[in-house]
Amino acid sequence: MTAPAPAVDLSVVIPAFDEEQRLGPTLDAVTGYLGESEGRWGEWEIVVADDGSTDGTRALVTDRRDPRLRLVTSPRNRGKGSALRLGVAASRGRRVLVTDADLASPIEELERLDKALSEGNAAAVGSRALPGATIGDRQHPLRELLGRAGNLLIRRIAVPGIRDTQCGFKLFEGDRAREAFAASRIDGYGIDVEVLRHFHRAEWQVAEVPVRWSHRPGSKIRSLDYVRVLADLTWLRVRAARPADLVAVVMFLLMAAALYSGRLFDPDHRYLADSLQDQNQWEWFFAVTADNVAHLRNPLFSDLQGFPDGVNLMANTVMLGLSVPFAPLTLLAGPAVSLAVVMTLGLAATAAAWYWLIVKRVVSRRGPAFAGASLAAFAPPMVSHANAHPNFVILFMIPLIVDRALRLCTGARVVRDGIVLGLMAAYQVFLGEEPLLLAMIGMVLFAAAYGAVRRDVARQSWRPLLNGLAIAAAVCLPLVVGALAWQFAGPRSYGSVLHGDDAGNSPLALLSFAERSLIAGDAHRANSLSLNPTEQNAFYGWPLVLLAFGIAVRLWEQALVKALAVTAAGAALLSLGPRFRIPMTDQVYPGPWAPLAKLPLFESVIEGRVAMICAPALGMLLAVAMERLTATSSLGAQYLGLLGVCLALLPLIPAPLKAVERPATPAFFTDGAWKPYVRDGESLVPVPLPDPGSAEALHWQQEAGLGFKLPGGYFNGPWGKKRIGIYGASPRYTSQLLRDVRYTGVIPTIGANWRAQAKRDFAYWRAGALVVTPQPHDDALRKAVTELVGRDGKWVHGVWVWDLHQGS
């Protein structure tokens, strides 16, 4: 049996791949320094880990014939991580120095690392980010920026406290280095993070030491490597998660896919029936955003709809925070696919974010946290909005914002947390401003209730919280002020949106069941208590309300329970609107929303949506109660309690959203037959014009590659001198006439006055042609258009066309 090689005092491990030009001077510098300081460093060795080089790298080592210089090789190139794992495994040193082949940090900097290791640390890592570090020749500014962004991300998700994980100059205790590298799995540049994460999880002390560093030409790092490191970090995060956490995320994804199963697997040909016209609208938002991005146009405006005035996209919640990054998918697969993917993944991500927050802040047991997060993300109002409103479904930033605000209360890192909160809030603005406003209402309710119960905590928290919020505002506002100025004062901006005098919930809506409840759903009752199927904003059901009341009474001694109960009850009361009627009576009273109803921003809120705040509050109450139940020693209490939970939640399980076959797009739009009729600067006018009640023309426009502009449409825009917000384009006489014919089939007497008005409206729309597609009352529409234009249309590829150009 071969005896193990004797240990040495120091091993220097150098990974190398095609380093024929740079490795020689590095070996000279290292051997020269260590040779001159024999007494200082004791017995030493240099291990060169060759990663499948194809040049003379190996010969540089073997030709030296120095027994202290060893070569270990890999048969093929696998990456820096693989080389380091190989080299450290072959090392024998009581201490192991890992340095890059370019020796960007001089070997003399070993003194600083050794001093830190001698002070009781298990590792000392060179840093370019600490005060005292000296940077000679710098990298390209873009690489520096990417490096800083990467280090910020690394500190956030993998190795907190280390500012520079990627500096290739690190000294470790030998045995711990060999253990950490042996446990690693990453073959690329992410191994530095993986090894330091191993030290962090093992609670081995790591010191960060400022060093001298200079960029060396011939770097092997390419742009794609930054993406690979990001992928490695993601893999690290996944590997670090508990199996229960992974199961929870997978379950959330399956639940979201099941909800959208009717559309998810064929989005181009399936339509969510209860979305009314909103699916057409949102697909158009994604399509036009992708088109603007592809052509480097202003993503805040488009005249493809509402022509010639156009649409203020920032004032229409186009979710630029997702529609822009998903633009490549939209361009590649189409807006229907992109929207389906975004809504499914977004809903699952929202549930996962609530789960993360509940585990971190509320309960430690995964089962109760899963139940609470499921209620928060798949509550009846969330399912209702899942038909049509991704901005109210994709809320994964809200739990992160809540957590960051809670961090501010500790006063530990106010500046950092304030900056991060400001960045999060800015991003949420580009996901949805109204959900952010509702989240703020919920946080104010919770903070007021918790502060009243725990005044000691309130006294300690208010100052750092306010300071952090001020920092967050200072960070957020410069990032969003331009977009908000465009939204509120730019072209086609508007004031408050008209949604009725009172869009609050009936008290009965809070106790009833939603239409999409798999077991207890009652479409007739739900629609009679809501604005439409996409605005069933309450419908938690009386069993859950009773359960929440019982939890609050039973666990009232807990400050968290009191605050959550007050938050849920306060949001429910606010959702009743500025006035509400006592059910089954004629008694009408001012509602708690009344003082807020006329305030800026609040005046455009559909008050019933405030009840959505109840979902996460009830979810957290449920998690607290279930954790208490699972911890009790009484099997009877466990059985009865969990039975009550099941009975309360069972009626809320949603059925998959209703999806129907989408009407085929007329060939006139898909085969390009429209092109001869529309010149530059002109529009194509579907009859009747698209509006919030019938917006399929937006889909036809997408099928035609957004090649023509549409007057009318489905969007929010201004009306009148006061710029009141309305749904759709400002009505004109001719558009109203054609709309009435479409819905009634009755043609009014059309004389010279109507024809003159139509001529003015056609000119305003810069209409190149009018088109009547097969639809209800299409015969009446054809006759009306014929009388307005003065001649009959032409049947072209499945539609009737009236060419409005002179001489046609």
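Model, not experiment: these values are computed from the prediction.

Enquirer: Could you give an account of the overall build of the chain, naming the residues involved and the relevant values?
Expert: Counting secondary structure elements, the chain contains 32 helices and 21 strands. For the C-alpha atoms alone, the extent of the chain along its principal axes is close to 110 × 75 × 50 Å. In the chain, which comprises 808 residues, the proportion classed as buried is 53%. Pairs at least 24 apart in sequence give 76% of the contacts found in the chain among residues at least 6 apart.

Enquirer: Lay out the pairing of strand β19 (residues 767–772) with the relevant residues and their values.
Expert: Among the six residues of β19, six are classified as buried, and the element is accordingly described as predominantly covered. Examined bridge by bridge, strand β16 (residues 683–687) and β19 share five bridges and lie parallel to one another. Pairing of P686 across the sheet is with V771, part of β19. Two strands pair when backbone bridges link them, and β19 and strand β21 (residues 799–803) are joined in this way by four bridges, in the antiparallel orientation. Bridging across to β21, A769 finds its partner in D803.

Enquirer: Lay out helix α15 (residues 335–361) in plain terms, naming residues and giving numbers.
Expert: Look at α15: 38 Å from first C-alpha to last across 27 residues, which is about the 39 Å you get at 1.5 Å a residue. Across the 27 residues that make up α15, a large majority, 21, are buried.

Enquirer: Report on the nonpolar core, specifying residues and quantitative values.
Expert: Counting 141 residues, the largest nonpolar core has F252, L618, F668 and L684 as its most contacted members. Sort the elements by how many residues they give to this core and α15 lands first, with 13 residues. Contacts of L618, omitting those with residues within four sequence positions, involve L375, Y540, L544, A548 and A568. Within the second largest apolar cluster, 32 residues are counted, among which are A116, L117, F169 and L171.

Enquirer: Run through the packing of aromatic side chains, naming residues and quoting values.
Expert: For the structure on display, the rule yields 18 aromatic pairs. Aromatic pair W284 and F285: ring centres 6.0 Å apart, planes at 65°, arrangement edge-to-face. Plain terms: the ring middles of F669 and W700 are 5.1 Å apart, the flat faces sit at 15° to each other, and that makes the pair stacked. Here the residue F669 occupies a position in helix α28 (residues 667–670), and W700 occupies one in helix α29 (residues 696–703), the gap between them amounting to 31 residues. No difference in accessibility class separates F669 from W700, as the two residues are buried. Through pairs of rings, three or more aromatic residues link up here, namely F668, F669, W674, Y677, W700 and F708. Sitting over the ring of Y764, R732 keeps its end group 4.0 Å from the ring centre. Its end group placed over the ring of Y743, R742 keeps NZ or CZ at 4.9 Å from the ring centre.

Enquirer: For the pattern of salt bridges, give the residues involved together with the corresponding values.
Expert: Per the counting criterion, the structure on display carries 42 salt bridges. Across the salt bridge formed by D691 and R739, the nearest N and O atoms sit 3.1 Å from each other. Taken as a pair, D691 in the loop between β16 and α29 and R739 in helix α30 (residues 733–744) lie far apart in primary sequence, 48 residues in all.

Enquirer: Explain the pairing of strand β8 (residues 206–210) to me, and be specific about the residues and the numbers.
Expert: Regular strands place side chains that alternate from one sheet face to the opposite one. Most of β8 sits inside the fold, with five of its five residues counted as buried. Of the two faces of β8, both are covered, the one formed by V206, E208 and P210 as well as the one formed by A207 and V209. Examined bridge by bridge, strand β5 (residues 123–127) and β8 share five bridges and lie parallel to one another. Bridged to S127 within β8 is P210.

Enquirer: Would you mind going over the environment of G120 in detail, with residue names and values included?
Expert: Note on placement: G120 falls in the loop between α5 (110–118) and β5. In the structure, G120 is positioned 87 residues away from A207 in sequence and 9.4 Å away in space, judged by C-alpha atoms.

Enquirer: Break down the side chain of Q702 for me, citing the residues and quoting the values.
Expert: By secondary structure assignment, the location of Q702 is in helix α29. Look past the residues within four positions of Q702 in its chain and what remains in contact with it is N280, E283, W284, A287 and P335.

Enquirer: Before we move on, could you go through unusual backbone geometry and cite the residues and values that matter?
Expert: F307 connects to P308 through a cis peptide bond whose omega is 5°. Along the chain, P308 falls in the loop between β11 (301–302) and β12 (311–312). That bond from V687 to P688 is cis: its omega, -5°, falls within 30 degrees of zero. Relative to the elements of secondary structure, P688 occurs in the loop between β16 and α29. One non-glycine residue, T317, lies in the positive phi region at around 50°. Although it is not a glycine, R723 adopts a positive phi angle of roughly 55°. Along the chain, R723 turns up in the loop between β17 (716–719) and β18 (724–727).

Enquirer: Describe the environment of A89, and please don't skip the residues or the numbers.
Expert: Mapped onto the elements, A89 comes out in helix α4 (residues 80–90). Using a relative accessible area of 59% as the deciding quantity, one classes A89 as exposed. Between the C-alpha atoms of A89 and R178, which are 89 residues apart in sequence, the distance is 5.8 Å.

Enquirer: Tell me about a nonpolar patch on the surface, and name the residues and values.
Expert: On the surface, V247, V250, M251 and L254 cluster together into a nonpolar patch covering about 350 Å² of accessible area. With respect to the element layout, V250 can be found in helix α10 (residues 243–259).

Enquirer: Any details on the confidence of the model for the chain? Residues and values, ideally.
Expert: Of the residues in the chain, 92% have a pLDDT of 70 or more, and the chain-wide mean is 91. Within the chain, helix α6 (residues 141–157) has the poorest average pLDDT of any element, 53, and helix α12 (residues 278–294) the best, 98.

Enquirer: An account of the sheet that holds strand β1 (residues 8–16) is needed here, citing residue identities and associated values.
Expert: Strands sit in the order β3-β2-β1-β4-β7-β5-β8 across an open sheet of seven strands; the sheet is mixed. Among the strands making up the open sheet, the edge pair consists of β3 (69–73) and β8. Taken over all neighbouring pairs, the strand axes of this sheet differ in orientation by 20° on average, direction set aside. Sitting on the sheet, helix α8 (residues 191–201) touches β5, β7 (169–173) and β8, and the angle it makes with β7 is about 35°.

Enquirer: An account of the sheet that holds β21 is requested, with residue identities and associated values reported.
Expert: Pairing between sheet strands relies on hydrogen bonds along the backbone, with the strands arranged either parallel or antiparallel. Strand order in the open sheet formed by four strands is β16-β19-β21-β20, with mixed pairing between adjacent strands. A strand with exactly one partner marks an edge of an open sheet, and here the two such strands are β16 and β20 (794–796). Averaged over neighbouring strand pairs, the angle between their axes works out to 35° when direction is ignored.

Enquirer: Go over the side chain of S530, please, and point to the residues and values.
Expert: Inspection of the secondary structure puts S530 in the loop between α23 (523–528) and α24 (542–554). One polar contact links the side chain of S530 to the main-chain carbonyl oxygen of A526, over a distance of 2.8 Å. Residues within four places of S530 in sequence aside, it is in contact with E535, Q536 and F539.

Enquirer: Run through the packing of helix α20 (residues 433–453) against helix α21 (residues 455–489), naming residues and quoting values.
Expert: α21 packs onto α20 with a crossing angle of 170° between their chain directions and a minimal axis gap of 13 Å. Compared by their axis directions, α20 and α21 come out roughly antiparallel. Contacts from E433, Y450, G451, A452 and V453 of α20 reach α21 at R455, V457, A458, L484, Q487 and F488. A per-class count over the contact of α20 with α21 returns seven nonpolar, two polar and two charged.

Enquirer: Can you explain α12? Please cite residues and give values.
Expert: Counted at 1.5 Å a residue, the expected span for α12 with its 17 residues is 24 Å, and the 24 Å between its end C-alpha atoms agrees. Among the 17 residues that make up α12, 15 are buried, leaving the element largely enclosed by the rest of the structure. Phi turns positive one or two residues past the end of α12, at L296, with a value near 55°.

Conventions adopted
Residues numbered from 1 in each chain as written. Predicted model: local features only at pLDDT ≥ 70, side-chain atom pairs only at ≥ 80, totals over all residues. Heavy atoms only, no water. Helix = DSSP H or I, 4+ residues; strand = E, 2+ residues; numbered from the N terminus. Buried < 20%, exposed > 50% of the residue type's maximum accessible area, 1.4 Å probe, protein only. Contact = heavy atoms within 4.5 Å. Pairing = 2+ DSSP bridges. Expected span 1.5 Å × (residues − 1). Core = buried A, V, L, I, M, F, W, Y, C linked by side-chain atoms within 4.5 Å. Phe/Tyr/Trp six-rings, centres within 6.5 Å; stacked < 30°, edge-to-face > 60°. Lys NZ or Arg CZ within 6 Å of the ring centre and 35° of its normal. Salt bridge = Lys/Arg side-chain N within 4 Å of Asp/Glu carboxyl O. Patch = residues over 30% accessible without salt bridge, like charges linked within 9 Å, V, L, I, M, F, W, Y side chains within 5 Å. Areas by Shrake-Rupley, 256 points an atom, 1.4 Å probe, with all protein chains shown as cover. pLDDT = per-residue confidence, 0-100. Axes fitted to C-alpha atoms, helices over the stretch in contact; angles between N-to-C directions. Polar contact = N/O pair within 3.5 Å; in protein donor to acceptor, adjacent residues only side chain to side chain. Parallel < 35°, antiparallel > 145°, perpendicular 65-115°, else oblique. Nonpolar A, V, L, I, M, F, W, Y, C, P; charged D, E, K, R; others polar.

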